[in-house]
Amino acid sequence: MQHLRFADADDTDQRAALRDIIRACAPLMQVFAQARDLDLPDWWIVSGAIYNQVWNHLTGKPDLFGVKDIDLFYFDPDTSYASEDRVIRQATTHFDSPVPIEIRNQARVHLWYKDHFGQDYDPLTKTTDGVDNFACKTHAVGMRLNKDDSFEVYAPFGLHDIFSFRLTPHTKRDNRATHLVKGKRQTALWPELTFVPWPD
């Protein structure tokens, strides 16, 4: 059960392990450095590229296995589509990445969320508010690289679920369907995972 070797570690040790694992992934580190150079307001790389890479590292899979895209969140009070589109177009030539970079201004999420998901979404006040709303507590993680090459880590529910290979639902919003879809995909790619069903 070597893949669970950090499951019972304390938060400090888990955060250190997370930083070491991400630093060991050269293509992901390059994206972090390029995101830092882009210097978007309140930027964070979040979710899949981080926890997937932890699972890859601990199970001996290749770097970025199963990573469909790298989510880059930022927060710009200019909520116009044109402003976000300019950032997205700039990123197409800025990043050199083996997987697509998915960029979203978290200040705009409430403008399109209901049309896309069928429910209201309160306006956010900062980027990490978006992480707080993820359908799975396991997925709620963000990192950014500082100018001194240190990492900031945002994990509102801690890192135990990631290192325990456990997909735990977050019931703050009605995200049952999203939790199920993501769980089916991820357990197929990482059979070591335990899927915790949405509560009735």
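For the structure, see preceding data.
These numbers come from a predicted model, not from an experiment. (Residues numbered from 1 in each chain as written. Predicted model: local features only at pLDDT ≥ 70, side-chain atom pairs only at ≥ 80, totals over all residues. Heavy atoms only, no water.)

**Q** Teacher, can you tell me more about the packing of aromatic side chains here?
**A** Pairs of aromatic rings are described using the distance from one ring centre to the other and the angle between the two planes. Taken as a whole and assessed by the stated rule, the structure comprises 11 aromatic pairs. Pairing Phe-73 with Phe-134 gives two aromatic rings, centres 6.1 Å apart and planes at 75°, and the pair type is edge-to-face. Remark: Phe-134 occurs in the loop between α6 (127–131) and β4 (142–145) and Phe-73 occurs in strand β2 (residues 70–74); sequence separation between them is 61 residues. Just as Phe-73 is buried, Phe-134 falls in that class too. Following the ring pairs from residue to residue traces out a cluster consisting of Tyr-51, Trp-55, Phe-65, Phe-165 and Trp-190. (Phe/Tyr/Trp six-rings, centres within 6.5 Å; stacked < 30°, edge-to-face > 60°. Helix = DSSP H or I, 4+ residues; strand = E, 2+ residues; numbered from the N terminus. Buried < 20%, exposed > 50% of the residue type's maximum accessible area, 1.4 Å probe, protein only.)

**Q** Sorry, what's going on with the environment of Lys-147 here?
**A** Within the secondary structure, Lys-147 sits in the loop between β4 and β5 (151–154). Here the alpha-carbon distance between Lys-147 and Ala-33, two residues 114 residues apart in the chain, equals 9.1 Å.

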